[in-house]
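Okay, here's what each chain looks like letter by letter:
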2 protein chains.
Amino acid sequence: MNKSDITTTEIKAEESHRQDSADLLVFILLLTLTILTIWLFKHRRFRFLHETGLAMIYGLLVGVVLRYAIHVPSDMNNVTLSCNVNASPATLLVNVSGKFYEYTLKGEISGSEVNDIQDNEMLRKVTFDPEVFFNILLPPIIFHAGYSLKRRHFFRNLGSILAYAFVGTVVSCFIIGLLMYGCVMLMKQIGQLGGDFFFTDCLFFGAIVSATDPVTVLAIFNELQVDADLYALLFGESVLNDAVAVVLSSSIVGYQPEGDNSHTFEAMAMLKSFGIFLGVFSGSFALGVATGVVTLFSLTPFHVTKFTKLRDFPLLETALFFLMSWSTFLLAEACGFTGVVAVLFCGMTQAHYTFNNLSPESQDRTKQLFELLNFLAENFIFSYMGLTLFTFKNHVFNPIFIVGAFLAVFLGRAANIYPLSFLLNLGRKYKISSNFQHMMMFAGLRGAMTFALSIRDTATYARQMMFSTTLLVVFFTVWICGGGTTQMLSCQKIRGFLEQSCLMMDFLCVRLQIGPDGVERRSTKQESVWFFRIWYNFDHNYLKPILTHSGPPLTATLPACCGSLARCLTSPQAYEEQLKDSDSDLILNDSDITLAYGDITVSTDATGAHTSGTPVGGVAVNSDEALDRELAFGDHELVIRGTRLVLPMDDSEPPLPLDSRRHRHKNETMS
Amino acid sequence: MNKSDITTTEIKAEESHRQDSADLLVFILLLTLTILTIWLFKHRRFRFLHETGLAMIYGLLVGVVLRYAIHVPSDMNNVTLSCNVNASPATLLVNVSGKFYEYTLKGEISGSEVNDIQDNEMLRKVTFDPEVFFNILLPPIIFHAGYSLKRRHFFRNLGSILAYAFVGTVVSCFIIGLLMYGCVMLMKQIGQLGGDFFFTDCLFFGAIVSATDPVTVLAIFNELQVDADLYALLFGESVLNDAVAVVLSSSIVGYQPEGDNSHTFEAMAMLKSFGIFLGVFSGSFALGVATGVVTLFSLTPFHVTKFTKLRDFPLLETALFFLMSWSTFLLAEACGFTGVVAVLFCGMTQAHYTFNNLSPESQDRTKQLFELLNFLAENFIFSYMGLTLFTFKNHVFNPIFIVGAFLAVFLGRAANIYPLSFLLNLGRKYKISSNFQHMMMFAGLRGAMTFALSIRDTATYARQMMFSTTLLVVFFTVWICGGGTTQMLSCQKIRGFLEQSCLMMDFLCVRLQIGPDGVERRSTKQESVWFFRIWYNFDHNYLKPILTHSGPPLTATLPACCGSLARCLTSPQAYEEQLKDSDSDLILNDSDITLAYGDITVSTDATGAHTSGTPVGGVAVNSDEALDRELAFGDHELVIRGTRLVLPMDDSEPPLPLDSRRHRHKNETMS
């Protein structure tokens, strides 16, 4: 081979590399600009625009510049060239005057695009492979959400959250799908439809816009210390409905009736789709939880043994934690499950079990690492969203479809929230009030997940129209609904931090006057969902003590006959730690606030086991006794601390390190 | 478009995606295994094998399995297909029965490979694009090295380090190049050379194997608390010679004599190459420093103003820091400079200036983040190295070349260390002893940088032979030299922590008896390199106070006439901070230990400005006075603390947060 040839190839590759670097630099600078501006906003306490909304605006501006201001003369040499072959292999070898070049398939392009490709190389350059969003940017966001979910208020509202996330999302998907189908029919009638648009496409649209992402709203909630239950409902729902929407959309794509081209309804195909939904969801769930537990076990031996030098550990521990969490995603994808869903449940498991076994420094490190990754990924996605409005070449903006979509999204959200809230309120003691319902309705923002799902496939006319419309829905909801959160909160008179704490105090006093007579408690216990009560008791009394260093010692929860087994399973160190347990994830009852006094009040009678335990090492496992102590403790604290009552409003925060959590526990026992 | 067509394409894409996930999973699990094993090793205090060496072993094992145990039946449909065109564009459109598919150029393949491609799809799958190493994995490693370089001992030995890194690396490169050329000539004589091998190729080989990477050795040094000067010499040299080797290799590739095919010597081309070296190096240097300073300025306003809520900041700060550091790399690459070199100097600037202006939490976060990235990237590279010994298909193992290379590497290192040490010792008061020289010779391991440079281009026969040989050199040095470090240290009788601290204490006592008469001090000051003294004084007295919150207040260092200007440039907060300054990066003299007592002893007379300052706010700027105080302080401390004397051996650690540094300062003043 000739040296000058090599050099020419090298120069060509170098130029392409330089261009890539410059393109990526544009995004990095965009993010930098966003950070600097948001810093200024925080400084001036502007709440009408969240960082994600700002990132979109900057993205839009750069998109306009790229589209209209910069015209890179296209290098014809770089593109053109067609050759006729009769297949489309993944790898192509091209014989150029005796030398072989290897090409990889990038995708199919429509005939109209062939000329476009030569048009503006610059625009094509700043377009990322859609899979980047799904495989690189989304996982840290979703993992972070799962990792932050570990809070008492989440478990207390678990039933409602699951209802909103599962039933609500499916309802919303079908409502939107049906409305959009009507819309498409109308468009067909008046001849505004430029291509195929099947009912499955409509359902697919319904699925992708049903994934809510109230990141903007939650940031403001967090800042204003808004009601913790409302926060838990919204956050929990948005995290879980992302998972539901992903699996739902993939099972809609998988809906394939017999006879290739028919898009008719068919019971068998429908059932199959439903089977796919269940299979993929439960598979991803199981995989995520399994990896979480494996991480736990691989970390545990190094904390139980005392010989190791702890100082060297946090780095290894954090690295292991990070790699295991990432491998969950890869494993799920390799198995054909949904990585994003697996990562979500992995994050939740890590937060619930593994977190307790990390060293305090690693707890900080992992928390900070995923916080940073989440922040960068989120802002990158939103700025790319802004950019893509102008740089995406195949937009199909159809006024009827857009108006229909906005209406459908609104109605779909309403059909999710109001009827479900009504039904849930029948069973809840602590009702979801109507202003909470309006707030949840209003907080139905669409964000990163909706975008990632819609950009994933923009090959057909229907998908292109969906993508364009989705972009507008995201822009509108993030800017208008996100920006109006503060106004909406004051309009709905939703209590902020101070007002609520006063109410809470009144409530506490009333409760304390009633006294721990046991009657009240028993009645509320019957209201809780039996399934979760069983699970919670099992988890709290057996899983947590075995897996982590928190929870009551096994010697106390296991029947006396299993004493030696219990002592064997509980390491001396773990036992010591367990006495200081501060992990109170009560789910006993959705609505009853009294049971939040302390998690030791959970007796094991729900599982059918013994109801009374003996106090071991100063910890009262007997529920009545414990409740007495807790109530007395709470009373005492209330008197001492007076106005310094701090409510556990910081549910948004990722788990705190052990010692600060221990401190917080005192406050939590009072809410 | 037909729906079944879309589905077929989707299924194909999904399968490919699954395979990719599985491949990446193999590496993640490999890293996980490495971490778990190394944890066990640390627990048992095994020092003969470092985590990088272990990663290579695991990589080798997986490579063997992939190569010999797994035979994936090749999917013929995926590959084959050749078409005759007369150019090799970056993008290719293929017309398959009316539909257009887009392909991107992956690279050229030699004729012999065309059949290989069909052979083992699995092996091809686990082969990463070589640019991944340069653009994704190396930058965090190099940045981390730069970010950790900020230490007094580095600056004290700066002259020697620069000599080893610049002169030494160039000498080593040419010695190895010449020896290898002799070797190649011999091979040509006996007919063992299967392709072209020019003198420039030999020089290129010399450049890439001149980059040392003593990560294994330094880890052990750190653990055993070996001599801080030796540590600084080795670490500083290895960090800087990576940068020199990168630029050197790229300017050797750029050596292009007139007349395309001649590989003869030509003065003009040689000069041009030298010009490229200087231009690229200084350009990358300037860019790195510039971005560091820009980061500083973009961070500063948010710390000077007092209105901001500090609690919300660390995330934004860390994100900004990360993005700016990354953009250095991209900017340098986009400008045609060397990103890795720019990142190195950016890291050093960030550590020297920006770090002081970060909030304590961000200091922790950035330190931990880059520590983690460095750890993951390094172990990934080393495990890939192991893997590639078996999975790379074009190995050319030539016994003569390999033996020659080992000899050349040994002689090149010797020609770097011994003559330079001799010359440096002529000028140093605190000589580099012969056992230190032997240790430096022994610690000339080759690692990540050598590998990344050699895998970057394996197109020609010469490059393939270099790559295979380089792999063996890396394996040998990491396992044998790395594993033998502890033995070598005891063999060379290099003082560990305790012995040295005893010696130090004797020395201190002697010095204190001499007393601060000023004579001794003046004589040592004359020995220091004038250039660095001027730079240091300027940096310490003007740059640091203006740019950061550390260093003496400007009001003290500027002449009295500039008083108002000084007060204007120093913010009240910064002034406050400066009084607590603890940043003592003394470079005044390479060898004299007395000047390490405190950096306030640096008088400004070297810059030609005033020599006596007035004590402002309790800080004595007058050098004699300051030295008196410092010595008295040292004496006092010595008496009080007695055997608790702790030497500043932890130079390897990234900068500590402010409060812990303040604590450390007391110890440092005593060494």
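All residue numbers refer to positions counted from 1 along the written sequence of the respective chain. Lettering for chains starts from A, numbering for ligands starts from 1, and both go in the order in which the items are written. Owing to the predicted nature of the model, reporting of local features is limited to residues with pLDDT of at least 70; listing and counting of side-chain atom pairs is limited to 80 or more, with chain, interface and lining totals taken over all residues. Excluded from the side-chain calculations are hydrogens and water; all other atoms, namely the structure's heavy atoms, are used.

Looking up chain A in an unreviewed UniProt entry gives the name Sodium/hydrogen exchanger, with the organism given as Sinocyclocheilus grahami.

A. Structural detail: the overall build of chain A. Helix and strand content of chain A: 28 helices and three strands. Burial status across chain A gives 60% buried among its 671 residues. Throughout, a contact is declared for two residues whenever any of their heavy atoms are within 4.5 Å. In chain A, once contacts between residues fewer than 6 apart in sequence are set aside, the share between residues at least 24 apart is 82%. Per the convention used, a helix needs a DSSP run of H or I reaching at least four residues, while a strand needs a run of E reaching at least two, with both numbered from the N terminus. When a residue's accessible area, from a 1.4 Å probe over protein chains only, is under 20% of the maximum for its type it is buried; when over 50% it is exposed; and in between it is partly exposed.

B. Summary view of the packing of aromatic side chains. Only the six-membered ring of Trp is used, alongside the rings of Phe and Tyr, when aromatic pairs are assigned; centres must lie within 6.5 Å, and planes under 30 degrees apart are stacked while those over 60 apart are edge-to-face, with the rest tilted. On inspection of all chains with the given rule, the structure shows 58 aromatic pairs over all chains. On the numbers, 5.4 Å between centres and 90° between planes, the contact of B:Phe133 with B:Phe451 is edge-to-face. On the criterion of sequence distance, the pair formed by B:Phe133 in helix H5 (residues 131-147) and B:Phe451 in helix H18 (residues 448-455) is long-range, its members being 318 residues apart. No difference in accessibility class separates B:Phe133 from B:Phe451, as the two residues are buried. Following the ring pairs from residue to residue traces out a cluster consisting of A:Phe27, A:Phe133, A:Phe380, A:Tyr384, A:Phe392, A:Phe451 and A:Phe467. Charges are assigned to positions over rings by a cutoff of 6 Å between ring centre and Lys NZ or Arg CZ, combined with an angular limit of 35 degrees from the ring normal. The ring of A:Phe134 is capped by A:Arg456, whose NZ or CZ atom sits 3.8 Å from the centre of that ring. Taking NZ or CZ as reference, A:Arg463 lies 4.1 Å from the ring centre of A:Phe204, over its face.

C. Structural context of the confidence of the model for chain A. All names here are of chain A. By definition, pLDDT measures how confident the predictor is in each residue, and it falls between 0 and 100. Across chain A, the average pLDDT comes to 72, with 62% of residues at or above 70. In this model, residues 76-80 is a region of pLDDT below 50 whose contacts with residues beyond four sequence positions or in other chains number 14 contacts. Across residues 572-671, where pLDDT falls below 50, the model places 229 contacts with residues more than four positions away in sequence or in other chains.

D. Focus on the side chain of B:Glu333. Along the chain, B:Glu333 falls in helix H13 (residues 313-335). No salt bridge forms around the buried B:Glu333; measuring N to O, its nearest opposite-charge neighbour B:Arg456 is 5.0 Å away. Apart from residues no more than four positions distant in its own chain, B:Glu333 is found in contact with A:His17, A:Arg18, A:Ser21, B:Asn135, B:Thr338 and B:Gly339. Positive charge is attributed to Lys and Arg, negative charge to Asp and Glu, and no charge count is given to His or to the chain ends. Salt bridge, as used here: a side-chain nitrogen of Lys or Arg that lies within 4 Å of a carboxyl oxygen of Asp or Glu.

E. Region of interest: the state of the cysteines. Counting rule for disulfides: a pair of cysteine sulfur atoms within 2.5 Å. A full pass over the atoms with the stated rule returns zero disulfides over all chains. In this structure A:Cys481 is not part of a disulfide, and its nearest cysteine sulfur, from A:Cys491, lies 13 Å away.

F. Local environment of the environment of B:Pro419. Examined against the element boundaries, B:Pro419 turns out to sit in helix H16 (residues 399-427). Through-space distance from the C-alpha of B:Pro419 to that of B:Gly168 is 9.3 Å; in sequence the pair is 251 residues apart.

G. Molecular detail of the domain arrangement of chain A. All names here are of chain A. Domain assignment breaks chain A into domain 1 (1-45) and domain 2 (130-257 + 268-497). Start and end positions for the domains come from either an automated domain assignment or a database one. Computed over C-alpha atoms only, the centres of domain 1 and domain 2 are separated by 30 Å. On the domain 2 side, the residues contacting the five residues of domain 1 number seven residues. Surface buried jointly by domain 1 and domain 2 totals about 590 Å² across both partners, of which 89% is contributed by carbon and sulfur atoms. Inspection of the region where domain 1 meets domain 2 yields zero salt bridges. Polar contacts here mean pairs of N or O atoms no more than 3.5 Å apart (in protein, one a potential hydrogen donor and the other a potential acceptor; neighbouring residues in sequence count only if both atoms are side-chain atoms). In this assembly, domain 1 and domain 2 are joined by zero residue pairs in polar contact (both at pLDDT 80 or more). Residue polarity is assigned by list, with Asp, Glu, Lys and Arg as charged and Ala, Val, Leu, Ile, Met, Phe, Trp, Tyr, Cys and Pro as nonpolar; anything else, Gly included, falls into the polar class. A breakdown of the residues in the side of domain 1 that touches domain 2 according to their chemical character gives four nonpolar, one polar and no charged. Here the quantity called buried area is the accessible surface, traced with a 1.4 Å probe, that two parts lose on coming together, added over both.

H. Seen up close, the pattern of salt bridges. Counted according to the given criterion, the structure contains 10 salt bridges over all chains. The shortest N-O distance in the salt bridge between A:Arg156 and A:Asp229 comes to 3.3 Å. Placement of the pair is A:Arg156 in helix H6 (residues 152-156) and A:Asp229 in helix H10 (residues 228-253), with a sequence separation of 73 residues. A single burial state applies to A:Arg156 and to A:Asp229, both of which are buried. Close ionic contact of B:Asp457 with B:Arg463 constitutes a salt bridge, the shortest N to O distance being 2.7 Å. One exposure class covers both B:Asp457 and B:Arg463, and it is buried. One continuous salt-bridge network, built from bridges that share partners, spans A:Glu361, A:Arg365 and B:Glu371.

I. Highlighting helix H14 (residues 339-357) of chain B. Residues and elements named next belong to chain B. Given a rise of 1.5 Å per residue, 19 residues ought to cover 27 Å, and the 25 Å separating the end C-alpha atoms of H14 matches this to within 8%. We define the bend at each residue as the angle formed by axes fitted to the 7 residues ending at it and the 7 residues starting at it. Where H14 bends most, at Ala351, the angle is about 45°. Counting buried positions along H14 gives 19 out of 19 residues, so the element sits mostly inside the fold. To estimate the expected span of a helix, subtract one from its residue number and multiply by 1.5 Å.

J. Structural detail: helix H17 (residues 434-442) of chain B. Those residues of H17(B) lying buried are B:Asn435, B:Phe436, B:Gln437, B:Met439, B:Met440 and B:Met441. Summarising the contacts, the buried residues of H17(B) are in contact with helix H7 (158-189), helix H9 (215-224), helix H10 (228-253), H16 and helix H20 (485-491) of chain B.

K. Inspection of the packing of helix H16 (residues 399-427) of chain A against helix H19 (residues 461-483) of chain A at higher detail. Residue and element names in this part refer to chain A. Relative orientation of the contacting elements H16 and H19 amounts to 55°, with a least axis distance of 10 Å. Taken together, the axes of H16 and H19 lie oblique to each other. With respect to the hand of their crossing, H16 and H19 are arranged in right-handed fashion. Residue-level contacts link Phe401, Ile402, Ala405, Phe406 and Val409 of H16 to Met465, Met466, Thr469, Leu472, Val473 and Phe476 of H19. Class assignment for the residues of the contact of H16 with H19 results in 10 nonpolar, one polar and no charged. Inter-axis angles, ranging from 0 to 180 degrees, are taken between N-to-C directions of lines fitted to C-alpha atoms, where helices are fitted over the stretch in contact. Any angle that falls under 35 degrees is termed roughly parallel, while one over 145 is termed roughly antiparallel, one within 65 to 115 roughly perpendicular, and all others oblique. Left-handed describes a crossing whose near helix is turned anticlockwise from the far helix by less than a right angle; the clockwise case is right-handed.

L. Molecular detail of a nonpolar patch on the surface. Residue and element names in this part refer to chain B. Together, Val167, Val171, Ile175, Leu179, Leu407, Phe410 and Leu411 make up a nonpolar patch on the protein surface, roughly 570 Å² of accessible area in all. The element that contributes the greatest number of residues to the nonpolar patch is H7, accounting for four residues. With respect to the secondary-structure elements, Val171 resides in helix H7. For patch building, the residue pool is restricted to those with more than 30% relative accessible area and no salt bridge; the joining distance is 9 Å between like charges and 5 Å between nonpolar side chains (Val, Leu, Ile, Met, Phe, Trp, Tyr). For accessible areas, the Shrake-Rupley method is used with a probe of radius 1.4 Å. Any residue's cover is judged against the shown protein chains and nothing else.

M. Spatial organisation of the packing of helix H11 (residues 267-299) of chain B against H13(B). All names here are of chain B. Relative orientation of the contacting elements H11 and H13 amounts to 150°, with a least axis distance of 10 Å. Relative to H13, the element H11 is oriented roughly antiparallel. In this structure, H11 crosses over H13, and the sense of that crossing is right-handed. Along the contact surface, H11 presents Leu287, Gly288, Thr291, Val294, Thr295, Ser298 and Leu299, while H13 presents Glu317, Leu320, Phe321, Met324, Ser327, Thr328, Leu331, Ala332 and Cys335. Looking at the contact of H11 with H13 residue by residue, the class counts come to nine nonpolar, six polar and one charged.

N. Fine view of the side chain of A:Asp242. Mapped onto the secondary structure, A:Asp242 falls in helix H10. Discounting residues that sit within four places of it in the chain, A:Asp242 has contacts with A:Ile142, A:Ala211, A:Thr212 and A:Met449.

O. Representation of the environment of B:Ile252 in the model. All names here are of chain B. In this fold, Ile252 is placed in helix H10. In the structure, Ile252 is positioned 51 residues away from Asp201 in sequence and 8.5 Å away in space, judged by C-alpha atoms. Ignoring sequence-local partners within four residues, the contact set of Ile252 consists of Cys173, Thr200, Leu203, Phe204 and Ala207.

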